[in-house]
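Residues per chain are reported as follows:
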Amino acid sequence: MDDVLQIEPLAGRRFAATGIALEPAPFCERFSLRAGPEEVAEVGKEIGIALPVKPKSSKTLKKISALWLGPDEWLIMAAPETGLSAKMSKLDGTLCSAVDVSHRNTAIYVEGPNALAVLNAGCPQNLSLTAFPKGACSRTIIGKSEIILLRESPERFRVECWRSFSDYVWNFLVDAGKSAQI
Amino acid sequence: MLLIQCPYCQEDRPEIEFQGAGEAHIARPANIADISDAEFSEYFFIRDNTKGIVFERWRHTHGCGRFFNAVRNSISDKFIMTYKAGEPKPELTEEQIKAAAPISKKPAADKPEPSPSKAEKAK
Ligand SMILES: [Zn+2]
């Protein structure tokens, strides 16, 4: 969609320290998708990506990512040029709920050999590669804020958080990044 | 940190991701418009608050977001099992109950044993 207002609350911020770099992710389109077990296959076909049904798993195809959040809930994300909104509007006749949450969330990339230590400063989950491999995703918390965590590579995570919490999450990660190098 | 098994995420997750949501298996009366105020308050407000084995609703709020049920010993805080919402109340085995029991400190508390010094003197 051309007329999408692109809100980037963390625009211009950067942080780097020993073994850790933080960077705001560019704007992307996001949909909160709910669908029952009978509709999963049909919904996937309409939007062009088979929805993952395994807990904590994600799938990325042609720059569209589908993240399993719950047994009937997914977060669908894509760069603006992929035309995700147009794909989602094809769901008109399917029993499901697709809500545009592009502006509700923003995201931070956390990258480097210390990424794990920085995230675990406030995230209680086991982020070892066996428990949380590449492609794993989960809704969880960091500090006092809810986030959605996606591991893009062993040392690169995407932290999705609500826009109004983004300043808190950013500063939390910066503080953790400063202490990770001590 | 206490770990709780989410039946939907199918793994142990940190307690901080969850919220307790009160007693489980409370059925809403089918004839809700006909029952008396006393009966309604019994259904709506009154809970057992058992000391020991409790059946509870929990929600994986900061995870999959789903409600599920759990069996817990309210004294030891040990979870015996969790199961999906809508599943019947499970039967517990003796071993399950025993495994979640608090570590007992000698006999019953209402009849305190004589202190060791006294017992020694009696000899
Ligand atoms: Zn869960």
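Residues numbered from 1 in each chain as written. Chains lettered and ligands numbered in written order. Predicted model: local features only at pLDDT ≥ 70, side-chain atom pairs only at ≥ 80, totals over all residues. Heavy atoms only, no water.

So, the overall build of chain A
Part 1 of the reasoning: When helices and strands are tallied, chain A shows 4 helices and 11 strands.
Part 2 of the reasoning: For 182 residues, the compact-globule estimate of 2.2 N^0.38 gives 16 Å, and the C-alpha radius of gyration of chain A, at 16 Å, lies within 12% of that figure.
Part 3 of the reasoning: For the C-alpha atoms alone, the extent of chain A along its principal axes is close to 55 × 40 × 25 Å.
Part 4 of the reasoning: Counted over contacts in chain A with a minimum sequence separation of 6, partners at least 24 positions apart contribute 61%.
Part 5 of the reasoning: In the structure as shown, chain A presents an accessible area of about 8,500 Å², 54% of it carried by carbon and sulfur atoms.
Part 6 of the reasoning: Distance between charge centres in chain A, computed from 21 positive and 21 negative side chains, equals 5 Å. (Helix = DSSP H or I, 4+ residues; strand = E, 2+ residues; numbered from the N terminus. Rg over C-alpha atoms; globule rule 2.2 N^0.38 Å. Contact = heavy atoms within 4.5 Å. Areas by Shrake-Rupley, 256 points an atom, 1.4 Å probe, with all protein chains shown as cover. Lys, Arg positive; Asp, Glu negative; His and termini not counted. Charge placed at Lys NZ, Arg CZ, Asp CG, Glu CD.)

Section: the coordination of the zinc ion
All names here are of chain B.
Part 1 of the reasoning: Cys6 (SG), Cys9 (SG), His60 (ND1) and Cys64 (SG) make up the full set of protein donors to the zinc ion, lying at 2.0 to 2.4 Å.
Part 2 of the reasoning: Geometry at the zinc ion is tetrahedral, judged from its 4 donor atoms and the angles of 106 to 115 degrees they form at the metal.
Part 3 of the reasoning: Classification of cysteine 6 as buried rests on a relative accessible area of 0%.
Part 4 of the reasoning: You can call cysteine 64 buried: its relative accessible area is 0%. (Donors = N, O, S within 2.8 Å, 3.2 Å for Na, K, Ca; no water. Tetrahedral: all angles 85-135°; square planar, octahedral: opposite > 155°, others 65-115°. Buried < 20%, exposed > 50% of the residue type's maximum accessible area, 1.4 Å probe, protein only.)

Some words on the interface of chain A and chain B
Part 1 of the reasoning: Taken together, the contact between chain A and chain B spans 16 residues of the former and 15 residues of the latter.
Part 2 of the reasoning: Both faces combined, the contact of chain A with chain B buries some 1,100 Å², and carbon together with sulfur accounts for 53% of it.
Part 3 of the reasoning: For chain A, the biggest contributors to the area lost against chain B are Pro124, Arg139 and Ile141 of chain A; these three give 35% of the whole.
Part 4 of the reasoning: At the junction of chain A with chain B, the criterion picks out 3 salt bridges.
Part 5 of the reasoning: Of the charged contacts, one joins lysine 56 of chain A and glutamate 11 of chain B as a salt bridge, the two residues approaching to 2.9 Å between their closest N and O atoms.
Part 6 of the reasoning: The interface formed by chain A and chain B includes 10 residue pairs in polar contact (both at pLDDT 80 or more).
Part 7 of the reasoning: The greatest single-element share of the side of chain A that touches chain B, amounting to 4 residues, is contributed by strand β9 (residues 137–142) of chain A.
Part 8 of the reasoning: Split by residue class, the side of chain A that touches chain B holds 6 nonpolar, 4 polar and 6 charged. (Buried area = accessible area lost by both parts, 1.4 Å probe. Salt bridge = Lys/Arg side-chain N within 4 Å of Asp/Glu carboxyl O. Polar contact = N/O pair within 3.5 Å; in protein donor to acceptor, adjacent residues only side chain to side chain. Nonpolar A, V, L, I, M, F, W, Y, C, P; charged D, E, K, R; others polar.)

Observations regarding the pattern of salt bridges
Part 1 of the reasoning: Considering all chains together, one arrives at 15 salt bridges over all chains under this definition.
Part 2 of the reasoning: Among the ionic pairs, arginine 139 of chain A bridges to glutamate 73 of chain A, the shortest N-O distance being 3.0 Å. Placement of the pair is arginine 139 of chain A in strand β9 and glutamate 73 of chain A in strand β6 (residues 73–78), with a sequence separation of 66 residues.
Part 3 of the reasoning: Note that arginine 72 of chain B is salt-bridged to aspartate 77 of chain B, the shortest N-O span being 2.7 Å.
Part 4 of the reasoning: One salt-bridge network, held together by shared partners, links Arg34, Asp72, Glu73 and Arg139 of chain A together with Arg66 of chain B.

Observations concerning helix α4 (residues 166–180) of chain A
Residues and elements named next belong to chain A.
Part 1 of the reasoning: Helix length check: α4, at 15 residues, gives a terminal C-alpha distance of 21 Å against a target of 21 Å (1.5 Å per residue), a fit within 8%.
Part 2 of the reasoning: Three or more residues of α4 are buried, namely Ser166, Val169, Trp170, Leu173, Val174, Ala176 and Gly177. For α4, the angular spread of the buried residues around the axis is 165 degrees, confining them to a single face. (Expected span 1.5 Å × (residues − 1). Arc of directions from axis to C-beta.)

As for the environment of cysteine 161 of chain A
Residues and elements named next belong to chain A.
Part 1 of the reasoning: Here cysteine 161 lies in strand β11 (residues 156–162).
Part 2 of the reasoning: Note: C-alpha distance between cysteine 161 and arginine 104 (57 residues apart in sequence) is 8.3 Å.
Part 3 of the reasoning: Other than its neighbours up to four places away in sequence, cysteine 161 contacts Arg104, Asn105, Thr106, Glu146, Ile147, Ser166 and Val169.

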